[in-house]
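Read off the chains here:
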Amino acid sequence: MTTTTTTSVTGGGGGEDRVLATAQQIMKSLNTPKDVREDMLLIFSTFDNRLSGISDLIKGEESNNNDLQRFQAAEKVIRRWDPSLFHGPSRHFNSLLDSRNDAVEYFSAVDEIMNFVEKLSVAPPPSCDGMSGQVMVERAENAIQLAMSRLEDELRHALIRNAVPPNAERLRGSVKRVSLSFASHSDENLESFDDHEIGDRGYDRFHSRGASLDDDVAIDLVNPDVVLQLSEIVERMVRSGYERECLQVYSSVRRDSLDECLVILGVERLSIEEVQRIEWESLDEKMKNWVHAVKIAVRVLLCGEKRLCDSVFGNLDEMKEICFDETAKGCVLQLLNFGEAVTICKRSSEKLFRILDMYETLRNALPDLEALVSDELVIGEVRGVLSGLGKAAKGTFAEFENCIRNETSKKLVITGDVHPLPRYVMNYLKLLVDYGELLNSLLEISDEDLYRFQNDFGGDGSQFESMSPLGCHVLLLMSQLESNLGEKSRLYEDNAMQQVFLMNNLHYLVRKVKDSDLGKVLGDDWIRKRRGQIRQCATGYLRASWSKALSCLKDDMIGGSSRSSSKMALKDKFKNFNTCFEEIYRIQTAWKVPDEQLREELRISISEKVIPAYRSFHGRFSSQLDGRHAGRYVKYTPDSLEIYLLDLFEGNPAVLNHMKRKST
């Protein structure tokens with residue numbers, strides 16, 4: 001009978017499945033406890049050996065039910081933090097990260113749902129607890145989407161709320177300011193050259209070379225306590241396939257933070273047209289800010305961003321590389337935008353040092369940027385702007401050279417003092433040699449330069465070719481400057497004044513060269529030759545200024561045919577000397593020899609030339625004019641004459657004002 005029953009039940013190809021399904025339905029309908037069900041399964045299996053597989057079937061179903069229960073519990077947690085429940089114009093963002101328990105519960109719920117989804121993707125059950133496999137998949141995917149929306153908001157909120165506020169003093173303090181020995185203004189009221197006065201005491205008004213970065217500078221850009229939670233969020237978003245959303249949120253928030261830092265550092269978003277319209281003094285400040293900002297951005301901010309990316313994204317190497325590049329790109333390109341604008345600004349010589357600072361800073365930053373940023377397009381932009389700054393520096397230097405060659409002003413320095421042109425040029429050149437290594441890498445020696453050298457110095461130019469590029473250009477500029485000063489000296493009608501002017505200016509050149517690194521560039525021979533020229537100028541001055549007065553002290557025409565004629569000649573000689581001396585005194589007390597040592601040496605030369613001759617003449621002949629009117633002719637003793645000489649070359653204001661009124 002048993003055999004007959006079995007045959008009847010299995011009359012079709014799916015008989016065994018139907019038997020198992022029927023037994024399973026019976027078990028469900030009975031709703032018995034687990035131990036009772038197990039006893040019943042044992043009894044069923046004794047009736048028909050085909051029912052032995054029902055044990056595995058029931059266990060599989062129980063496993064599915066357990067997975068479903070865990071999913072449903074996790075789903076409740078996810079829905080409890082549904083972002084739509086918290087959104088509203090006046091509602092504060094309620095972050096699950098505010099409570100460690102909430103965060104752990106939520107992350108566990110997300111993990112549970114992701115595990116459930118992964119199981120469904122491998123082998124979805126035909127049905128479970130009344131739900132079809134397809135329905136369970138859709139429900140799980142909806143839960144994942146809801147969770148990722150929440151984690152996206154949490155990531156954005158955590159990055160914003162935990163960003164360390166950029167501190168202006170701290171950012172700026174990370175740069176050591178290295179100032180050159182230049183003060184802000186010259187105390188001397190001189191005419192400026194090319195509208196940019198560079199006094200002997202200063203160039204800070206136009207340039208203070210900036211600055212090296214502390215090696216140990218490191219700042220936290222985000223509160224370190226939240227980095228682990230950020231990493232937890234990122235890990236789950238990436239695992240769920242939300243890499244793009246994760247990248248967009250992270251990089252956009254961090255880009256905004258870097259933009260804020262650049263604003264604090266004085267780098268504004270300006271178009272190329274806006275940069276070109278900025279007045280020089282304002283542009284100079286922006287260029288200086290840019291130099292500091294690049295150093296801080298690369299060595300502090302971007303390095304900090306790299307460390308943060310490494311911590312947050314952990315082993316997700318490709319993800320953290322892309323995310324860092326996207327974060328850094330905006331900051332780098334904003335800096336490059338200003339640099340590019342500077343490269344095409346109008347050339348003017350006062351911009352050279354700032355452009356060199358910018359070039360040097362970007363050149364030094366390039367290796368760090370190449371190590372940090374993997375985006376070749378961005379690195380290509382950096383190299384392009386660097387090349388543009390180099391060309392701008394060369395073009396600006398050429399503009400300076402042209403300025404010197406073409407300077408043809410006819411305005412005289414009425415005191416014979418140092419002209420504004422050498423003041424400008426020498427202080428400019430002193431700064432140039434501070435950039436010697438940089439300029440030698442940028443400048444070239446052209447055929448035109450070689451021709452000028454041969455024309456100015458003779459020879460075959462071999463000396464020129466053995467010099468550094470900067471040395472060659474400095475030597476040519478000095479030659480041009482000396483030639484220019486020679487032309488300016490010829491504008492003076494008084495030959496003595498020509499000699500004083502040349503003496504003052506040559507002495508100024510020698511002093512500036514000797515007291516700076518220009519001496520190393522031009523060499524001792526250059527200094528010796530100019531000192532010889534200064535002595536020639538002093539001799540020329542004595543000859544031009546005092547020859548006429550000294551000719552009055554010769555004893556010719558004295559001791560003539562009669563005593564009366566001899567006395568008359570003597571009176572004329574004293575009278576003529578007095579007239580010559582008083583004219584010299586009146587004029588030359590307004591002249592100026594600003595260098596104290598040079599002024600003293602010139603007075604000594606005059607005394608050695610004039611006083612002995614006058615003392616001898618006075619001693620021999622003054623007694624012959626004794627009488628009531630002798631004072632009309634013998635007005636000076638040798639000692640009083642020497643005292644008067646001390647007033648020469650002081651730039652006497654009263655005499656000077658008279659001369660100014662007369663010249664106008």
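All residue numbers refer to position in the chain's written sequence, counted from 1. For a predicted model such as this one, the threshold for reporting local features is a pLDDT of at least 70, and the threshold for listing and counting side-chain atom pairs is 80 or more; totals across whole chains, interfaces and linings nevertheless cover every residue. Side-chain measures here rest on the full set of heavy atoms in the structure, leaving out hydrogens and waters.

By the naming in an unreviewed UniProt entry, the protein chain is Exocyst subunit Exo70 family protein, taken from Lupinus luteus. UniProt positions are given in the numbering used here, feature names are shortened, and annotations may be inferred rather than shown by experiment. In its Sequence similarities (unreviewed entry) section, the UniProt record describing the protein chain reads: "Belongs to the EXO70 family."

(A) Summary view of the side chain of aspartate 595. Secondary-structure assignment places aspartate 595 in the loop between α23 (563-588) and α24 (596-621). With no salt bridge to any partner, buried aspartate 595 finds its closest opposite charge in arginine 511, at an N-O distance of 4.2 Å. Looking at aspartate 595, its side chain comes within polar contact range of the main-chain nitrogen of leucine 598, at 2.9 Å. Each residue touching aspartate 595, except ones within four places of it in the same chain, is listed here: His507 and Arg511. For helices the rule is a DSSP run of H or I covering at least 4 residues; for strands it is a run of E covering at least 2, with both sets numbered from the N terminus onward. Only protein chains enter the area calculation, which uses a 1.4 Å probe; residues under 20% of their type maximum are buried, those over 50% are exposed, and those in between are partly exposed. The positive count covers Lys and Arg only, the negative count covers Asp and Glu only, and His and the chain ends enter neither. The salt bridge definition used is simple: a Lys or Arg side-chain nitrogen within 4 Å of an Asp or Glu carboxyl oxygen. Polar contact is defined as a pair of N or O atoms within 3.5 Å, subject to the rule that within protein one atom must be able to donate a hydrogen and the other to accept it, and that residues adjacent in sequence are counted only when both atoms are side-chain atoms. For this analysis, residues touch if any pair of their heavy atoms sits within 4.5 Å.

(B) Molecular detail of the nonpolar core. One finds Leu429, Tyr541, Trp546 and Ile606 to be the most contacted residues of the largest nonpolar core, which totals 180 residues. When residues no more than four places from it in sequence are discounted, the contact partners of isoleucine 606 are Tyr541, Leu542, Trp546, Ile611, Leu645, Leu648 and Phe649. Residue types Ala, Val, Leu, Ile, Met, Phe, Trp, Tyr and Cys, when buried and joined through side-chain atoms within 4.5 Å, form a set referred to as a nonpolar core.

(C) Inspection of the pattern of salt bridges at higher detail. Summed over the entire model, instances satisfying the criterion amount to 35 salt bridges. Ionic pairing is found between arginine 239 and glutamate 118, a salt bridge with its closest N-O pair at 3.2 Å. Of this pair, arginine 239 sits in helix α8 (residues 227-239) while glutamate 118 sits in helix α5 (residues 100-122); the two residues are 121 residues apart in sequence, bridging distant segments of the chain. Judged by its relative accessible area of 39%, arginine 239 falls in the partly exposed class. What makes glutamate 118 partly exposed here is its relative accessible area of 37%. Put simply, lysine 635 and glutamate 582 hold a salt bridge, and the shortest N to O gap is 2.7 Å. Placement of lysine 635 in the loop between α24 and α25 (638-645) and of glutamate 582 in helix α23 is noted, with a sequence separation of 53 residues between them.

(D) Focus on the packing of aromatic side chains. Aromatic contacts are taken between Phe, Tyr and Trp rings whose centres are within 6.5 Å, Trp giving its six-membered ring; a plane angle under 30 degrees counts as stacked, one over 60 as edge-to-face, and the others as tilted. For the structure shown, the criterion picks out 20 aromatic pairs. Ring centres of phenylalanine 581 and tyrosine 636 lie 5.4 Å apart, and the angle between their planes is 65°; this geometry places the pair in the edge-to-face category. Residue phenylalanine 581 is located in helix α23, and its partner tyrosine 636 is located in the loop between α24 and α25; the two are separated by 55 residues in the primary sequence. Take phenylalanine 581: its relative accessible area is 2%, and that puts it in the buried class.

(E) Structural context of the packing of helix α22 (residues 524-551) against α24. Here, axes are lines fitted to C-alpha atoms. For helices the fit covers the stretch in contact, and angles between N-to-C directions go from 0 to 180 degrees. Here α22 crosses α24 at 35°, and the two axes come no closer than 11 Å. As for how α22 packs across α24, the hand of that crossing is right-handed. Across the interface between the two elements, Ile534, Ala538, Tyr541, Leu542, Trp546 and Leu550 from α22 touch Leu598, Leu602, Ser605, Ile606, Lys609, Val610 and Ala613 from α24. Throughout this entry, Asp, Glu, Lys and Arg are counted as charged residues, while Ala, Val, Leu, Ile, Met, Phe, Trp, Tyr, Cys and Pro are counted as nonpolar. The remaining residues, Gly among them, count as polar. Here the residues of the contact of α22 with α24 sort into eleven nonpolar, one polar and one charged. Left-handed describes a crossing whose near helix is turned anticlockwise from the far helix through less than a right angle; right-handed describes the clockwise counterpart.

(F) Up close: empty space enclosed by the protein. With a 1 Å grid laid over protein atoms only, a set of points is called a cavity when a 1.4 Å probe fits there but cannot get out and a pocket when it is open yet has protein on both sides within 12 Å along at least five of seven lines; lining residues have an atom within 4 Å of a point. Grid points are joined across faces, edges and corners, and a volume is the space filled by probe spheres set on the points. This model, assessed by the stated rule, comprises three cavities of 30 Å³ or more. Taken as a whole, the largest cavity spans an internal volume of roughly 70 Å³. Val294, Ala297, Val298, Leu302, Cys331, Val332, Leu335, Leu336, Leu362, Leu369 and Val382 are the residues that line the largest cavity. If you list the elements that add at least two residues to the lining of the largest cavity, you get α11 (280-313), α12 (317-343) and α13 (352-372). Tallied by class, residues from the lining of the largest cavity come to eleven nonpolar, no polar and no charged.

(G) Spatial organisation of unusual backbone geometry. Look at phenylalanine 649: it is not a glycine, yet its phi comes out positive at around 65°. By secondary structure assignment, the location of phenylalanine 649 is in the loop between α25 and α26 (653-663).

(H) Structural context of α8. Given a rise of 1.5 Å per residue, 13 residues ought to cover 18 Å, and the 18 Å separating the end C-alpha atoms of α8 matches this to within 8%. Looking only at α8, the buried set comprises Val227, Leu230, Ser231, Ile233, Val234, Arg236, Met237 and Val238. One or two positions beyond α8, positive phi appears at glycine 241, with a value near 85°. Take the number of residues in a helix, subtract one, and multiply by 1.5 Å to get its expected span.

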